[in-house]
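# Fold and contact review
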Amino acid sequence: MSKNINKNIKYEILPVNNESNTNNNNNENNIINITDISNNNNINNNNINNNINEIENDLKNYYKYFIKFGITFFKIGNNICWKFDDNYNPKYVIGPHWYTFILLNIIISFFVIIMYKLILKSYFNFSFQIIFFLLVILIYYFYLQNFLLNPGILFKLNNNEIENDNNNNNNNNNNSSGYCSICKIFYNKDRKIYHCKYCNVCIEKCDHHCIWIGKCVGKKNMFYFNLFITFVILIYVYFIFIVFYLFINEK
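Reference entry: report on the structure contained in this document. Everything numeric in this text was worked out from a predicted model, so none of it was measured.

About the cut-offs
Residues numbered from 1 in each chain as written. Predicted model: local features only at pLDDT ≥ 70, side-chain atom pairs only at ≥ 80, totals over all residues. Heavy atoms only, no water. Helix = DSSP H or I, 4+ residues; strand = E, 2+ residues; numbered from the N terminus. Buried < 20%, exposed > 50% of the residue type's maximum accessible area, 1.4 Å probe, protein only. Areas by Shrake-Rupley, 256 points an atom, 1.4 Å probe, with all protein chains shown as cover. Polar contact = N/O pair within 3.5 Å; in protein donor to acceptor, adjacent residues only side chain to side chain. Contact = heavy atoms within 4.5 Å. Pairing = 2+ DSSP bridges. Axes fitted to C-alpha atoms, helices over the stretch in contact; angles between N-to-C directions. Phe/Tyr/Trp six-rings, centres within 6.5 Å; stacked < 30°, edge-to-face > 60°.

### Focus on the overall build of the protein chain
The number of helices and strands found in the protein chain is five helices and 11 strands. In the protein chain, buried positions account for 33% of the 251 residues. Carbon and sulfur atoms provide 54% of the accessible area of the protein chain, an area that totals close to 16900 Å².

And the structure:
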């Protein structure tokens, strides 16, 4: 069998159906199919890179941007966004009230230190401490998800329901459609889109603007926000349980 294969070409060995040649023991049955998959990978990578470049160029034509740490950040409304997909949806968004991230971290750190130093370390065993720190880790994880993830921002480039200027009058007369004059987008009212005056963007299924996560709670971060609130309630219930436990034992 010849092994004179170009080392620069990646190849794969494909299985061969030998049922019709079960009685033959010749080496011809062992067929190696070589496919140049390296070229396909290069084509796919080039397409991905071209899509990323096109998205960034389109965004640069509409929104302010700056480059830091090798990452291109875009200011959409009052939000800083980066890492966009093919539909111009940003994965990461930092809202206008980003400074509350620092304040909440100070509050959480102060609570953890007081709880551990004065109560858990002195009066409770290791299992109680593990439960407490597990709750703290989960709270902080879901808080980071809320602080960083896109809440459901809609803007001109990623809105699939934008109509041509010639159809504007028809859309305005349609009770089922809406229009945001600030973001300049048309939308279906069933999507429950709301323009936030703080974020200065339209948010799909916006529940409210939460200053503690620095931005709105909408379609894409509602799940993590509910989990964050749930575990905050759990840790306070745990705190009350510990206080009552100490009070009863002291008696």
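### Some points on the side chain of Asn 79
Within the secondary structure, Asn 79 is located in strand S3 (residues 79–84). In this structure the side chain of Asn 79 is engaged in a polar contact, spanning 3.1 Å, whose partner is the backbone oxygen of Cys 199. Other than its neighbours up to four places away in sequence, Asn 79 contacts Phe 74, Val 93, Ile 94, Gly 95, Pro 96, Ile 153, Cys 199, Val 201 and Lys 215.

### What about the sheet that holds strand S4 (residues 90–94)?
Spatially, the four strands line up as an open sheet ordered S1-S2-S3-S4, and their pairing is antiparallel. If you trace the sheet from one side to the other, it starts and ends with strand S1 (64–68) and S4, each paired once. Adjacent strand axes in the sheet meet at a mean angle of 30 degrees when their direction is disregarded. Pairing of S1 with strand S2 (residues 71–76), which is carried by five bridges, proceeds in the antiparallel orientation. Bridging from a neighbouring strand, Lys 64 pairs with Lys 75 of S2. Helix H3 (residues 126–148) contacts S3 and S4 of the sheet and is inclined by roughly 100 degrees relative to S4.

### Some words on the packing of aromatic side chains
Counting across every chain of the model gives 22 aromatic pairs. On the basis of an interplanar angle of 25 degrees and a centroid distance of 4.5 Å, the ring pair of Phe 101 and Phe 147 is categorised as stacked. Here the residue Phe 101 occupies a position in helix H2 (residues 100–123), and Phe 147 occupies one in helix H3, the gap between them amounting to 46 residues. Judged by centre distance (5.5 Å) and plane angle (75 degrees), the rings of Phe 223 and Tyr 224 are edge-to-face. A residue is classified by how much of its surface remains accessible, and Phe 223, at 56% relative accessible area, is exposed. Taking relative accessible area as the criterion, Tyr 224 reaches 22% and is therefore assigned partly exposed. Within the aromatic cluster, the residues linked to one another by ring pairs are Phe 111, Phe 132, Phe 133, Tyr 236 and Phe 239.

### Re the pairing of strand S8 (residues 193–196)
Of the pairings in the sheet, the one linking S8 to strand S9 (residues 201–204) comprises four bridges and is antiparallel in character. Residue pairing across strands places Cys 196 opposite Val 201, the latter belonging to S9. Counting the residues in the hairpin turn of S8 and S9 gives four residues, including Asn 200, whose phi is positive at 60 degrees.

### A closer look at the environment of Phe 231
Within the secondary structure, Phe 231 sits in helix H5 (residues 222–250). Beyond its immediate stretch of four places on either side in the chain, Phe 231 contacts Leu 135, Leu 138, Ile 139 and Phe 142.

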